[in-house]
Amino acid sequence: MNVLEAIADRVEQEPIPSRVAFDILRIIEDENHSLKEVIQLTTNDAALTTEVLKLANTATYRRGEPVSTVNRAILLLGEMMVVGVAICASSSIVFNCPLNGYESADGEMWDHSLRTAVAARVVSRFGKKRISSGLAFTAGLLHDIGKTVISEFLEGRTSELVNACEEGTVADYLEAERKAVGTDHAEVGYKLACKWSLPDSLSVAIRDHHVPARAEEEYKSLVYTVHLADLIAMIGGAGTGVDSLAYSLDDHYEDWIQITKDDFALLLMNVEDEFISIKNLFPKQGT
Amino acid sequence: MKIVYVGVGEYATSNTGGVLVKTLALGSCVAVVALDRVSRSVGLLHVALPESSINPKRAEERPGMFADTGVDKLIASMRSAGYQGGELIIKLAGGASIMDPNNTFNIGKRNVLSIRKCLWRHKLGAVAEDVGGNISRSVSIDISQGKVTVSSPGRGEWLL
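Residues numbered from 1 in each chain as written. Chains lettered and ligands numbered in written order. Predicted model: local features only at pLDDT ≥ 70, side-chain atom pairs only at ≥ 80, totals over all residues.

### A few points about the overall build of chain B
Along its length, chain B carries three helices and 10 strands. Each helix and strand of chain B, ordered N terminal to C terminal, gives the series β-β-β-β-β-α-α-β-α-β-β-β-β. For 160 residues, the compact-globule estimate of 2.2 N^0.38 gives 15 Å, and chain B sits close to it at 15 Å. Over its C-alpha atoms, taken along the principal directions, chain B stretches across nearly 45 × 40 × 25 Å. Every one of the 160 residues in chain B was classed for burial, and the buried ones make up 52%. Looking at chain B alone, contacts between residues at least 24 apart form 64% of all its contacts between residues at least 6 apart. (Helix = DSSP H or I, 4+ residues; strand = E, 2+ residues; numbered from the N terminus. Rg over C-alpha atoms; globule rule 2.2 N^0.38 Å. Buried ≥ 20, exposed ≤ 12 C-beta atoms within 10 Å, placed from the backbone. Contact = placed C-beta atoms within 7 Å.)

Following this line, the structure appears as structure tokens:
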């Protein structure tokens, strides 16, 4: 079995990170669904119910009176945000595995994913085209999921990849991955998303978060949001190890996201604050 | 060995031997290290943003977040730890950026420039800098030896 076949084999074996999250996603995909179905699935899961209520009562979401019902909490958060919360609340070990192929310690993948999710939610407010902030959050959470599979195939090769980046023989770390194993974390993530039957919006965000110009027009706003959010997480110090900051900014982001240099400094601060607040709700997964 | 971690927007000073002062994962953030040979005290500040004017309220709550208010606090804190004024060894690390030829969001560079400016106001300047580029850095200071080490995933560690 060659490396690409071995990676494909691992993709086939990778379990879904959160069953309830993906069940809710499937319901939301149907435009004629009712909120009751989402409430039902949420209340069937005690851990999810608790987390949804906790998040709805944080300063970011709560308006006035304390939120005591799932119904009101979901209305405040939005259905897509419930999906994000379900992924956060799941006992999946996915996000907390150390990524040895990236020299990334236990928990760094979780911090990076959560910070990107928070940043995507904040960046979505600056979008020229309106997108759901919950969708942005969930896409941010899942954007690097391919690293959990490709990491083991990159083990022992980090110096080679770092040197390729530093010597300029590759454009960025994504190309260094492709050179080393014939595929990259975004493509592997896309394969996982297809295997799990994620909605196209999320699959494309995972596939194109480093090359947003390649995304289909209808998803570009979301993909540019995740692209920028990923870079913001890295700028803020939350990368996934050796590849941190070794990616380019696509300057066409201005066609989709209106953000000035001054906005950017404030945005970094807001992301830091919101990240700390949400991380306290989901301190560590999978242990 | 006891380790004191300095988070984003925080600062710490110590003159206790056998202590390691560390700050982790500096993206565009900058670590300002201060070493006073006379009092054998050490300070570390983790700056996130260049100017406190963007949010004065936040600067009051957390002065270490910004270069201008943070450097002032670090120097004041060094004085409390025994620094009497005069020579102070300053080292800087961090201030990295993503790969962006247009320097659109170069907060890292702006952080470094603002820190240098604030240090000049105190008649201080850095004797060593490891700043810029596209790498994430962590910094640790061994108080007993006055040794400052920078590390980065995949690149090992080196003395500053």
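Still more to cover.
### Quick notes on the nonpolar core
Formed by 146 residues in total, the largest nonpolar core has its most connected members in V82, A86 and L268 of chain A together with V30, V32, V33 and I115 of chain B. Here this core gets 11 residues from one element, more than from any other, and that element is helix α14 (residues 220-235) of chain A. Leave out the neighbours within four places in its chain, and I115 of chain B touches V30, V32, V47, A67, V71 and L92 of chain B. (Core = buried A, V, L, I, M, F, W, Y, C linked by C-beta atoms within 7 Å.)

### Digging into the domain arrangement of chain A
All names here are of chain A. Segmenting chain A into domains produces domain 1 (18-91) and domain 2 (93-281). Computed over C-alpha atoms, the centres of domain 1 and domain 2 are 24 Å apart. Contacts between domain 1 and domain 2 engage 16 residues on the former and 14 residues on the latter. Those elements that place two or more of their residues in the side of domain 1 that touches domain 2 are α2 (19-29), α4 (46-56) and α6 (79-89). The element that contributes the greatest number of residues to the side of domain 1 that touches domain 2 is α6, accounting for six residues. (Domains from an automatic or database assignment.)

### Some points on the environment of K128 of chain A
Residue and element names in this part refer to chain A. Inspection of the secondary structure puts K128 in the loop between α7 (108-123) and α8 (133-142). Residue classification places K128 among the exposed positions, given that 11 C-beta atoms sit within 10 Å. Between the C-alpha atom of K128 and that of D255, which follows or precedes it by 127 residues, the distance is 7.8 Å. Beyond its immediate chain neighbours, meaning those up to four positions away, K128 contacts W256, I257 and Q258.

### Focus on the interface of chain B and chain A
Bring the parts together and some accessible area is lost; that lost area is often taken as the interface size. Each partner contributes to the interface: chain B provides 26 residues, whereas chain A provides 30 residues. Its residues assigned to classes, the side of chain B that touches chain A shows 14 nonpolar, nine polar and three charged. (Nonpolar A, V, L, I, M, F, W, Y, C, P; charged D, E, K, R; others polar.)

### Concerning the packing of helix α10 (residues 158-167) of chain A against helix α11 (residues 173-181) of chain A
Between two packed helices, what matters for the description is the angle formed by their axes and the separation of those axes. Residue and element names in this part refer to chain A. Relative to each other, α10 and α11 sit at 130 degrees, their axes nearing to 9 Å. Our classification of the angle between α10 and α11 gives oblique. Considering how the two elements wind past one another, α10 and α11 form a crossing that is right-handed. In contact with E160, L161, A164 and C165 of α10, α11 contributes Y173, A176, E177, K179 and A180. (Axes fitted to C-alpha atoms, helices over the stretch in contact; angles between N-to-C directions. Parallel < 35°, antiparallel > 145°, perpendicular 65-115°, else oblique. Left-handed = near helix turned anticlockwise from the far one by under 90°.)

### Remarks on the sheet that holds strand β9 (residues 147-152) of chain B
Residues and elements named next belong to chain B. Spatial strand order, β1-β3-β8-β9-β10: five strands in an open sheet with mixed pairing. Each edge of the open sheet carries a strand with a single partner, namely β1 (2-5) and β10 (156-159). The average undirected angle you get between the axes of adjacent strands in this sheet is 25 degrees. In this sheet, β10 lies alongside β9 in antiparallel orientation, the contact comprising four bridges. Along β10, the bridge assignment pairs S152 with G156. (Pairing = 2+ DSSP bridges.)

### What about the pairing of strand β7 (residues 126-131) of chain B?
Residue and element names in this part refer to chain B. Across five bridges, the pairing between strand β6 (residues 89-94) and β7 is parallel. The residue bridging K91 from the neighbouring strand is A128, located in β7. Taken together, β6, helix α3 (residues 107-121) and β7 form a β-α-β motif whose crossover is right-handed. (Right-handed = clockwise from strand over helix to strand, strands pointing away.)

### Section: unusual backbone geometry
Residues and elements named next belong to chain B. For R40, which is not glycine, the phi dihedral falls at a positive 55 degrees. Tracing the sequence through the fold places R40 in the loop between β4 (30-36) and β5 (41-47). Judged by local crowding, R40 falls into the partly exposed class, with 16 C-beta atoms found within 10 Å. Not every positive phi belongs to a glycine, and K123 is a case in point at roughly 60 degrees. Tracing the sequence through the fold places K123 in the loop between α3 and β7. The class for K123 is exposed, based on 9 C-beta atoms found within 10 Å.

### Digging into the sheet that holds β7 of chain B
All names here are of chain B. Taken in spatial order, the five strands of this open sheet run β2-β5-β4-β6-β7, and their pairing is mixed. Both edges of this open sheet fall to β2 (11-14) and β7, since each of them pairs with a single strand only. Pairwise comparison of adjacent strand axes, ignoring direction, gives a mean angle of 10 degrees for this sheet. In this sheet, β6 lies alongside β4 in antiparallel orientation, the contact comprising six bridges. Residue pairing for β6: A34 is matched across the bridge by I90. With respect to the sheet, helix α2 (residues 67-80) is in contact with β2, β4 and β5, its orientation differing from that of β5 by roughly 165 degrees.

### As for α6 of chain A
Residue and element names in this part refer to chain A. The buried fraction of α6 is high, at 11 of 11 residues. Inspection of α6 places E79, M80, M81, V82, V83, G84, V85, A86, I87, C88 and A89 among the buried residues, and these make up the whole buried set. Buried residues along α6 sit against α2, α3 (35-43), α4, α5 (70-77), α7 and α8.

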